[in-house]
Amino acid sequence: HDGDRTLFDLLETVRVYAQDHLRRSGDLEPARDRHLEHHLASMTETKQKATISYGAATVWDWATVQRWTSTKANLEAAIDWAIARGRHHDAGELIAAAGCVWREDLAVQATLDRIDAVAAQLPESSDLRERLWPVEVMLALAAGARERLLGAMDGLARSDNDAAREFALAHAANRCAMHDPVQSLRIADQAASLHSRSSDLEAAGFWDKNRADNLIFAGDFEQALDTLRPHLGRHLWAVIVGTIAVALLMNGQPAEALRVANDHPMSDSIWMSFGVIVGLCHLALGDTEVAQRELVAEARWAALGRMNRAPNSALVGLAALVNHQGDTAWAREIILGARSQREVVFNALARAIAEEIGVRDEFIEQQDPVYADYRDDDRRDFLVETLARLDAQ
């Protein structure tokens, strides 16, 4: 059951049989057309009821994200059919509107390929092409595809639309946060100056999250918390909740950070490494056994290779654990093996842990740029080796 709906799983053998029967009867194409129309109508309804604008980006409440994620295969089938039928605009509308679904997706390359197929049929000046850029930025960052990401960012920056340029500037601020938090804040303020601030608190969340990231890098945890606390409990973005928890942890409030990290419905979001946050909170509270269980569990998930950059977050957690256990030399090896995180605020947390271990400057120097071309197979192998060494102790 999903709210007021009942969902059914369909056996693959039954699906193949039904599809073959429809094909032989000549009803397959009309059925797929109706399937596409249903999804277009459903997405239109979702946009009207659940979508909140964050400049060039959009966000849904978490219940809506979960509802659409549970039927993502149907949505993808509708998009693929639209492309096959030459209905590229309809396919693009579904992709652009469902950015929150792709954010929680592990197979980002498939959606990037669909964007390519749609974009090839759209004029460069198309409004829809502009609305696809924020989705492309998010997916390219997750995939570690630097050139693609910078191309989409360039498109946003050249736009006549202030909301699109805000989005580009906000990401540019995050890009330099590790090395120059003061400059990063200046760029974030420039982005905010383009924004006509809405009186709606929810509509300000994207920009508040961006500014809070940069405040955390600058070490101003209290101001970061003041910026984000009004969004707590609104259940819009897991990364907002995670950023609040990280700020509390770095501000010396691990018990409060643990409560925030656990007490919300978005802890299963793949975008934020909540297992690492929870483990580090327990570590700070002296619950070493619980901390190790949480951190190792997150590391084992990351070692499956299901999300780009996930091994780096897990390595940061394991470095803190090993350092807490007194093996500083091994902790240095682990933290220096980590690279840029998939969530900006985790870069700040990683930098702080590297400083505690005593290798802050070395850690920053060896960091990949946030927008670097990135494949983490070597990080995954290093993580597996680290887990094996822990198991052998």
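Just so we're clear, the structure is a prediction, and the values are computed from it rather than from any experiment.

The rules behind each value
- Residues numbered from 1 in each chain as written.
- Predicted model: local features only at pLDDT ≥ 70, side-chain atom pairs only at ≥ 80, totals over all residues.
- Heavy atoms only, no water.
- Axes fitted to C-alpha atoms, helices over the stretch in contact; angles between N-to-C directions.
- Helix = DSSP H or I, 4+ residues; strand = E, 2+ residues; numbered from the N terminus.
- Parallel < 35°, antiparallel > 145°, perpendicular 65-115°, else oblique.
- Left-handed = near helix turned anticlockwise from the far one by under 90°.
- Contact = heavy atoms within 4.5 Å.
- Nonpolar A, V, L, I, M, F, W, Y, C, P; charged D, E, K, R; others polar.
- 1 Å grid on protein atoms, 1.4 Å probe; cavity = no way out; pocket = protein on both sides within 12 Å on 5 of 7 lines; lining within 4 Å.
- Points joined across faces, edges and corners; volume = space filled by probe spheres on them.
- Expected span 1.5 Å × (residues − 1).
- Buried < 20%, exposed > 50% of the residue type's maximum accessible area, 1.4 Å probe, protein only.
- Core = buried A, V, L, I, M, F, W, Y, C linked by side-chain atoms within 4.5 Å.
- Salt bridge = Lys/Arg side-chain N within 4 Å of Asp/Glu carboxyl O.

Enquirer: Explain the packing of helix α7 (residues 108-119) against helix α8 (residues 127-143) to me, please; I cannot follow it from the model alone.
Expert: Angle between the axes and distance between the axes are the two parameters that describe a pair of packed helices. In the contact formed by α7 and α8, the axes pass within 10 Å of each other and the chain directions differ by 150°. Classified by the angle their axes make, α7 and α8 are roughly antiparallel. Classified by chirality, the crossing of α8 by α7 is left-handed. Between α7 and α8, the contacting residues are Val-108, Thr-111, Leu-112, Ile-115, Val-118 and Ala-119 on the first element and Arg-129, Leu-132, Val-135, Glu-136, Leu-139, Ala-140, Ala-142 and Ala-143 on the second. Each residue belonging to the contact of α7 with α8 can be placed in one class, and the counts come to eleven nonpolar, one polar and two charged.

Enquirer: What is the right way to look at empty space enclosed by the protein in this model?
Expert: It is the rolling of a water-molecule-sized probe over the atoms that shows where space remains empty. On inspection of all chains with the given rule, the structure shows three cavities of 30 Å³ or more. Space inside the largest cavity adds up to approximately 80 Å³. Mapped by element, the contributors of at least two residues to the lining of the largest cavity are α3 (62-69), α6 (99-103) and α14 (238-250). Residues belonging to the lining of the largest cavity are distributed by class as follows: eight nonpolar, one polar and two charged.

Enquirer: In this structure, what is going on with α14? I would like to understand it.
Expert: Side chains that are three or four residues apart share a direction in an α-helix, a result of its 3.6 residues per turn. Across its 13 residues, α14 extends 18 Å between first and last C-alpha, which sits within 8% of the 18 Å expected from 1.5 Å per residue. For α14, the buried fraction is high: 13 of the 13 residues fall into the buried class. Two residues or fewer past α14, Gly-252 is found with a positive phi of approximately 80°.

Enquirer: Explain the nonpolar core here, please?
Expert: Looking at soluble globular proteins, one finds that nonpolar side chains tend to be buried together. Counting 105 residues, the largest nonpolar core has Trp-102, Ile-277, Leu-318, Ile-335 and Leu-383 as the members making the most contacts within it. Per element, the largest residue contribution to this core is eleven residues, and it comes from α14. What Ile-277 contacts, discounting residues up to four positions off in sequence, is Gly-242, Ala-245, Val-246, Ala-261, Met-272 and Phe-346. Core analysis: the next-biggest nonpolar cluster, separate from the first, contains twelve residues, Ala-140, Leu-141, Ala-152 and Ala-164 among them.

Enquirer: When you look at helix α2 (residues 28-50) in this model, what are you seeing that I'm missing?
Expert: With 23 residues, α2 should reach 33 Å at 1.5 Å per residue; the first-to-last C-alpha distance of 32 Å fits that figure. For α2, the full list of buried residues reads Leu-28, Ala-31, Asp-33, Leu-36, His-39, Leu-40, Ser-42, Met-43, Thr-46 and Ala-50.

Enquirer: Would you mind showing me how to read the pattern of salt bridges here?
Expert: Between side chains of opposite charge, a pair can form as their charged atoms come close. Under the definition given, this model contains 24 salt bridges. The shortest N-O distance in the salt bridge between Arg-23 and Asp-20 comes to 3.8 Å. Placement of the pair is Arg-23 and Asp-20 together in helix α1 (residues 12-25), with a separation of three residues, close to one helical turn. By relative accessible area, Asp-20 is classed as partly exposed at 31%. Arg-259 is the partner of Asp-263 in a salt bridge, and the nearest nitrogen-oxygen pair spans 3.6 Å. Residue classification places Asp-263 among the exposed residues on the basis of a relative accessible area of 55%. Take Arg-259: its relative accessible area is 39%, and that puts it in the partly exposed class. Overlapping salt bridges bring together Lys-47, Glu-93, Asp-127 and Arg-131 as one network.

Treat this as a map of the structure, not an account of what it does.
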